[in-house]
Amino acid sequence: MNTIKDNIKPFDELINQSFEFELPADELRIERESIESWLGEKITASPEIKLQVDEILKDLSKYTEIRCGFKVLDPSQFRVTKGFMFYSDLTFNLEKIISTRLLKSETIAIFTATAGNGLESEARKLMSKGDLLEGYIFDSIGSETAEGAAAWIEKMIDKTAEEHGLKTTSRYSPGYCGWSVKEQHMLFSLLPESFCGISLTESALMYPIKSVSGIIGLGKEVTKEDYQCSVCDYTDCFRHHKLR
Amino acid sequence: MENILDEIAVCVERGKSNIQSPYPPDLKGKEGAFELTQKALENGIKPSEILNEGLIKGMQRIGEKFRANKVFVPDVLIAAKAMNAAMVHIKPFFISNEIKTKGKIVMGTVAGDLHDIGKNIVAMIIQGGGWEIVDLGVDVSAEKFVKAVEEHKPAAIGLSALLTTTMLNMESIIKEIKTVNEDIKVLVGGAPLSQEYADSIGADFFSPNPQDALEYLNGLNIN
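A.B. asks: Looking at this model, I keep getting lost on the overall build of chain B. Mind explaining?
C.D. replies: The helix and strand tally for chain B stands at ten helices and five strands. Against the globule reference of 17 Å for 223 residues, chain B gives a C-alpha radius of gyration of 18 Å, in line with a compact fold. Considering only C-alpha atoms, chain B reaches an extent of 50 × 35 × 25 Å along its principal axes. Sorting the 223 residues of chain B into buried and exposed places 53% on the buried side. Summarising the internal contacts of chain B: among those between residues at least 6 apart in sequence, 69% fall at separations of at least 24. Accessible surface for chain B amounts to roughly 9,900 Å². Of this, 49% is attributable to carbon and sulfur atoms. Charge centroids of chain B, computed over 23 positive and 30 negative side chains, lie 4 Å from each other.

See below:
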């Protein structure tokens, strides 16, 4: 019988390769309960709200264009020290929290994921005509969909890494855990143009807005660790408290 | 008659816009802010009294609960919707000058930033406190803010930013605004901001929650 070890594929075949996926909305299995955590218990006590969320989730594919992908960087050009990550002639100031969790990485996978524009534009349309809660529900579902797509691509990276004999770290994104969102431009310079249909504004804002980008460390000795919210200054981060 | 004003305040606080409104579930089928405001006017209650003792009071309660983390964003949104529903009856009295707002506040999300939910929530609380909001939207340049200051003569300006990259644009916007009117108060807000940063860019006020901003504005000596 073959074991995983026998079937390990050569890592070289992944280097500098980018992989892109288009997902049907039901692949993400977004549940009403995860949207309710954005809305609060008083609002979700209303059966009409439950129904409204269910209706949108049922038709999620109508509002979404879910795309996600990743690219594995060349280990020979990659290095991490406490505080910094170096790739080719680029220097990323990752700060302490992320860099220490990447120290044992042999390289990284850069990923992006997007829900597309539909949910965001529906949210704006509703809010501008005064349907504030309805708009907020669409916005929350947009955020949850983008996060769902990021979680999906993280699993795909984990699986791919395992097939090549490597482990993975948690995912880390510019704008979180002390890593400046400004460095998103440098990160995107390492990806193909308009990767997953996402572009960056001058201020490093991703468009479509409901998008997630980041990095995952790959290596034989890396481990997944919980986010270190207790030592991070960014207290308004959704990982700190999703509801506010 | 006092009772109906209390009922209006409760409807706003709990987001009961009108009789058709499905929430809150325990008030289903009952009259909301829209019907009760109409009834109060028909009963001869002054519009200013309805505004101050009913609508603004309801918004104040939800703003305070939001500050204390007792309610979530959607609770503020449905309260604002209920207030807007009632304002349909009150707005004509603003036009006829029978009642006046406390003044104008110009608000916008700064250049480069497209996030507007935070700014909208602050605008709703401030408007619910009796101020008129001139909302410039998102991605607002210094030039647009300056133009709005000249055109609307507001009592204050509110700048919002959600990104560390875009909050940097606040400094130059404040400088431009103060060049046109050095006395105008500039309030700043947004997730990445801190009091220290607000002080360093010459903002007059910073708070992580909208109710504090309303209380600051209410304390301004507006002529």
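A.B. asks: Help me understand the confidence of the model for chain A in this model?
C.D. replies: Regions with low pLDDT should not have their predicted coordinates read in detail. Taken over all residues, the pLDDT of chain A has a mean of 89, while the share at 70 or more is 90%. Mean pLDDT in chain A bottoms out at helix H2 (residues 41-44) of chain A, which sits at 74, and peaks at strand S6 (residues 107-114) of chain A, which reaches 98.

A.B. asks: How should I be thinking about helix H2 (residues 33-42) of chain B in this particular structure?
C.D. replies: Helical periodicity: at 3.6 residues per turn, an α-helix aligns residues three or four positions apart in one direction. The set of residues buried in H2(B) consists of Ala33(B), Glu35(B), Leu36(B), Thr37(B) and Ala40(B). Just downstream of H2(B), Gly44(B) is the residue with a positive phi angle, here 85°.

A.B. asks: Help me understand the packing of aromatic side chains in this model?
C.D. replies: Both the distance between ring centres and the angle between the ring planes are used here to describe each pair of aromatic rings. Residue and element names in this part refer to chain A. Scanning the model with the defined rule gives six aromatic pairs over all chains in all. Ring centres of Phe-21 and Trp-152 lie 5.3 Å apart, and the angle between their planes is 65°; this geometry places the pair in the edge-to-face category. A residue pair is termed long-range when its members are at least 10 positions apart, and Phe-21 in strand S1 (residues 18-23) and Trp-152 in helix H7 (residues 132-163) qualify at 131 residues. For Trp-152, a relative accessible area of 18% gives the class buried. It is Arg-79 that lies over the ring of Phe-86; its NZ or CZ is 4.4 Å from the centre.

A.B. asks: Any chance you could explain the interface of chain B and chain A here in plain terms?
C.D. replies: One frequent convention defines the size of an interface as the accessible area lost when the parts assemble. Chain B puts 31 residues into the contact, and the matching count from chain A is 32 residues. Regarding the contact of chain B and chain A, the summed buried area is about 2,600 Å², with carbon and sulfur atoms giving 66% of it. Taken together, the connections running from chain B to chain A amount to three salt bridges. The salt bridge involving Asp131(A) is made with Lys81(B); its shortest N-O contact spans 3.1 Å. Where chain B meets chain A, there are seven residue pairs in polar contact (both at pLDDT 80 or more). Looking at the side of chain B that touches chain A, the elements that each hand over two or more residues are helix H3 (47-67), helix H4 (73-95), helix H5 (117-128) and helix H7 (164-167) of chain B. In terms of residues, the side of chain B that touches chain A owes the most to one element, H4(B), which gives seven residues. Across the side of chain B that touches chain A, the residue classes break down as 19 nonpolar, six polar and six charged.

A.B. asks: Could you clarify how one ought to interpret helix H6 (residues 142-152) of chain B in this entry?
C.D. replies: Residue and element names in this part refer to chain B. Among all positions in H6, only Ala-142, Phe-145, Val-146, Ala-148 and Val-149 are buried. When H6 is viewed along its axis, its buried side chains cluster within an angular range of 160° and face the same direction. Facing away from the buried side of H6, by more than 90 degrees, are the exposed residues Glu-143, Lys-147 and Glu-151. In this structure, the buried side of H6 is in contact with strand S1 (104-109), strand S3 (156-160) and helix H8 (169-180). Lys-153 occupies a position one or two residues after H6 and carries a positive phi of about 45°.

A.B. asks: What exactly am I supposed to notice about the packing of H6(B) against H8(B) here?
C.D. replies: To characterise two packed helices, one gives the angle between the axes of the helices and the distance between these axes. Residue and element names in this part refer to chain B. Closest axis-to-axis distance for the H6/H8 pair is 9 Å, and the angle between their directions is 30°. Between H6 and H8, the angle is such that the two are roughly parallel. Two packed elements cross with a definite hand, and for H6 against H8 that hand is right-handed. The segment H6 lies against H8, with Ala-142, Phe-145, Val-146, Val-149 and Glu-150 engaging Ile-173, Glu-176, Ile-177 and Val-180. Broken down by class, the residue content of the contact of H6 with H8 amounts to seven nonpolar, no polar and two charged.

A.B. asks: What should I look at first to understand the sheet that holds strand S4 (residues 185-189) of chain B in this one?
C.D. replies: Strand pairing within a sheet occurs via backbone hydrogen bonds; the two strands may be parallel or antiparallel. All names here are of chain B. An order of S2-S1-S3-S4-S5 is seen for the five strands of this open sheet, with the pairing classed as parallel. The sheet terminates laterally at strand S2 (132-135) and strand S5 (205-206), the two strands that pair on one side only. As paired elements, S1 and S3 share five bridges and run parallel to each other. Residue pairing across strands places Thr-109 opposite Ser-160, the latter belonging to S3. Its contacts with the sheet place helix H10 (residues 210-218) against S1, S3, S4 and S5, and it is angled at close to 175° to S4.

A.B. asks: Looking at this structure, how should I read the nonpolar core?
C.D. replies: Generally speaking, soluble globular proteins have nonpolar side chains that are buried together. Ranked by internal contacts, the top residues of the largest apolar core, which has 95 residues, are Leu218(A), Leu51(B), Leu55(B) and Ile105(B). Setting aside chain neighbours within four positions, we find Leu218(A) in contact with Phe11(A), Val72(A), Ser105(A), Glu106(A), Thr107(A), Ile108(A), Ala109(A), Ile157(A), Ala161(A), Leu166(A), Lys167(A) and Thr168(A).

A.B. asks: Which parts of the structure should I look at to understand the environment of Glu95(A)?
C.D. replies: Residue and element names in this part refer to chain A. Mapped onto the fold, Glu-95 is located in helix H5 (residues 95-102). For the pair Glu-95 and Gly-83, spaced twelve residues apart in sequence, the C-alpha to C-alpha distance is 4.3 Å. Filtering out sequence-adjacent residues up to four positions away, Glu-95 remains in contact with Gly-83 and Gly-178.

Conventions adopted
- Residues numbered from 1 in each chain as written.
- Chains lettered and ligands numbered in written order.
- Predicted model: local features only at pLDDT ≥ 70, side-chain atom pairs only at ≥ 80, totals over all residues.
- Heavy atoms only, no water.
- Helix = DSSP H or I, 4+ residues; strand = E, 2+ residues; numbered from the N terminus.
- Rg over C-alpha atoms; globule rule 2.2 N^0.38 Å.
- Buried < 20%, exposed > 50% of the residue type's maximum accessible area, 1.4 Å probe, protein only.
- Contact = heavy atoms within 4.5 Å.
- Areas by Shrake-Rupley, 256 points an atom, 1.4 Å probe, with all protein chains shown as cover.
- Lys, Arg positive; Asp, Glu negative; His and termini not counted.
- Charge placed at Lys NZ, Arg CZ, Asp CG, Glu CD.
- pLDDT = per-residue confidence, 0-100.
- Phe/Tyr/Trp six-rings, centres within 6.5 Å; stacked < 30°, edge-to-face > 60°.
- Lys NZ or Arg CZ within 6 Å of the ring centre and 35° of its normal.
- Buried area = accessible area lost by both parts, 1.4 Å probe.
- Salt bridge = Lys/Arg side-chain N within 4 Å of Asp/Glu carboxyl O.
- Polar contact = N/O pair within 3.5 Å; in protein donor to acceptor, adjacent residues only side chain to side chain.
- Nonpolar A, V, L, I, M, F, W, Y, C, P; charged D, E, K, R; others polar.
- Arc of directions from axis to C-beta.
- Axes fitted to C-alpha atoms, helices over the stretch in contact; angles between N-to-C directions.
- Parallel < 35°, antiparallel > 145°, perpendicular 65-115°, else oblique.
- Left-handed = near helix turned anticlockwise from the far one by under 90°.
- Pairing = 2+ DSSP bridges.
- Core = buried A, V, L, I, M, F, W, Y, C linked by side-chain atoms within 4.5 Å.

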